[in-house]
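# A closer look at the structure
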Amino acid sequence: MAQQTLISTAMLPVKQRMEFWHDSVCKHFTSLEIGVNDEEISKGLRATLVHSEFGKLDLIQLDACRQSVQRDHRKIIIDAHRQDYTLLSLQLRGVGKIEQDGRQAIVRPGEAVMFDTSRPYSFQLDEDFEKIVIRIPSETLKTLFSRPDRLCAVNISRGAPGANLIFKYIGSLISEYKTLPQNCTSAFSSALIEMIGGMLRELPESKSANDSSIKKTHLYELKRTIATELANPKLGAELLSLELGLSISSIYRIFSYEPIPLIQFIWNSRLERCFEDLINKCYLDLSITEIAFRWGFNSSAHFSRAFKERYGITPT
């Protein structure tokens, strides 16, 4: 039979419940800040988590008191060694509010929302709640739907094409999970991933986000050139225009479909390369300034400010 793990705070002394709950959630999801108000803690912090390994997926059932979770750059840094996941959260009871990538979604019972562990997010639950979370390896989902990040913090109602069928399928898996032979879970999980990918492709937000094939090609070439020229301090719209044979206005227009402006994308890409080098033991002999200049920065003070603004900590 398939295996499940049940975690409950009910049997613990009240003083130990918050730490135990925090550690359990972080273990089965990702590193998070969890907020529970004093009233809920004084009442005993009612919280239960059931984790089920399901082929390539993880099924996680939560039934708990009101609380909030937040994942910021500090937590992402802590998890640098862990796999990135896309989470599909199906709300069964209570109302949740999620924020990611500058978008905000309210999720009511019978609705779902998606979010990504590779980028900051927050989830607020202002009342007792119950939900089912499907944890999907991000790379697995991207084989079926290339840009799931466009649909994070977007409400998925039962009226969305295929959503009601998928929500019922998830409910059936939860209720029938213990009866499934272990050798069947891989096939059932693959079917669920295929269904989720199909649903995402049919969402209005997905269709409106699709560019023409020409724009996609230009965007690909644009990002490829940025990656190649990232160490060049002169990298910008003018250089890209010369490299690609496109007008400067076309460069900005092509990039207007992205969630952040062109210049911010270049700065973020440089900061990410610097971050990777700063934690790479192969570059221990390089100073912070040398690493910054290696990726196109020409001011150590500006680099330090930009790094702290993005990651919440100094390069040191």
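Being a predicted model, the structure only gives us computed values, none of them experimental.

So, how was this worked out
- In this numbering scheme, every chain counts its residues from 1 along its sequence in written order.
- Per-residue local features are limited, in this predicted model, to residues with pLDDT of at least 70; the limit for side-chain atom pairs, both in listing and counting, is 80 or more; totals at the level of whole chains, interfaces and linings are taken over all residues.
- The side-chain figures draw on all heavy atoms in the structure; neither hydrogens nor water molecules are used.
- Helix and strand assignments come from DSSP, with helices taken as H or I runs of at least 4 residues and strands as E runs of at least 2, each series counted from the N terminus.
- Under the scheme applied here, a residue whose accessible area is under 20% of the maximum for its type counts as buried, over 50% as exposed, and between as partly exposed, the area being computed with a 1.4 Å probe on protein chains only.
- Only four residue types enter the tally: Lys and Arg on the positive side, Asp and Glu on the negative side, with His and both chain ends excluded.
- One atom stands in for each charge, and that atom is NZ of Lys, CZ of Arg, CG of Asp or CD of Glu.
- Buried Ala, Val, Leu, Ile, Met, Phe, Trp, Tyr and Cys residues that are joined via side-chain atoms within 4.5 Å together make up what is termed a nonpolar core.
- We treat two strands as partners when DSSP finds at least two bridges between them.
- Whenever a helix is involved, its axis is fitted only over the stretch in contact; in every case the axis is a line through C-alpha atoms, and angles between N-to-C directions fall within 0 to 180 degrees.
- Between two residues, a contact is recorded if the distance between any of their heavy atoms is within 4.5 Å.

We now examine the overall build of the protein chain. Along its length, the protein chain carries 13 helices and 11 strands. Seen through its principal axes, the protein chain has C-alpha atoms that stretch 60 × 45 × 35 Å. Taken across its 316 residues, the protein chain has 44% of its residues classed as buried. Separation between the mean location of the 39 positive side-chain charges and that of the 38 negative ones in the protein chain comes to 1 Å.

Core analysis: the biggest nonpolar cluster contains 30 residues, and Leu88, Ile134, Ile156, Ile170, Leu192, Ile196 and Leu200 have the highest contact counts within it. Those elements giving two or more residues to this core turn out to be strand S4 (57-64), strand S6 (85-93), strand S9 (112-116), strand S11 (129-137), helix H5 (163-176) and helix H6 (185-202). Looking at this core element by element, the count peaks at seven residues for H5. Counting 29 residues, the second largest nonpolar core, distinct from the first, contains Trp21, Leu62, Ala64 and Val69.

Moving on: the pairing of S9. In terms of burial, S9 is a largely internal element, five of the five residues being buried. The two faces of S9 match: Ala112, Met114 and Asp116 on one face and Val113 and Phe115 on the other face are all buried. As judged from the five bridges shared by S6 and S9, these two strands associate in the antiparallel manner. Following the sheet pairing, Leu88 is matched in S9 by Met114.

Strand order in the open sheet made by the six strands is S1-S3-S4-S11-S6-S9, with antiparallel pairing throughout. Since the sheet does not close on itself, it has two edges, and those belong to strand S1 (4-8) and S9, each with one partner. Between one strand and the next, the sheet's axes are offset by a mean angle of 20 degrees, whatever the strand orientation. Here S6 pairs with S11 via eight bridges, running antiparallel. The residue bridging Leu88 from the neighbouring strand is Ile134, located in S11. Packed on one face of the sheet, helix H1 (residues 14-28) meets S1, strand S3 (47-54), S4 and S11 and runs near 20 degrees to S3.

Looking at the element boundaries, Ser138 is found in helix H4 (residues 138-142). Take Ser138: its relative accessible area is 4%, and that puts it in the buried class. Note: C-alpha distance between Ser138 and Gly245 (107 residues apart in sequence) is 34 Å. Every residue in contact with Ser138, bar those within four places of it in the chain, is listed here: Asp84, Tyr85, Thr86 and Asp116.

On to the sheet that holds strand S8 (residues 103-107), then. With antiparallel pairing, five strands are arranged side by side in an open sheet as S2-S5-S10-S7-S8. The open sheet has two edge strands with one neighbour each: strand S2 (33-35) and S8. Taking the axes of each pair of neighbouring strands and ignoring which way they run, one obtains an average angle of 10 degrees across the sheet. In terms of strand pairing, strand S5 (residues 67-71) meets strand S10 (residues 121-125) through five bridges, oriented antiparallel. Counted as the bridge partner of Gln70 is Ser122 from S10.

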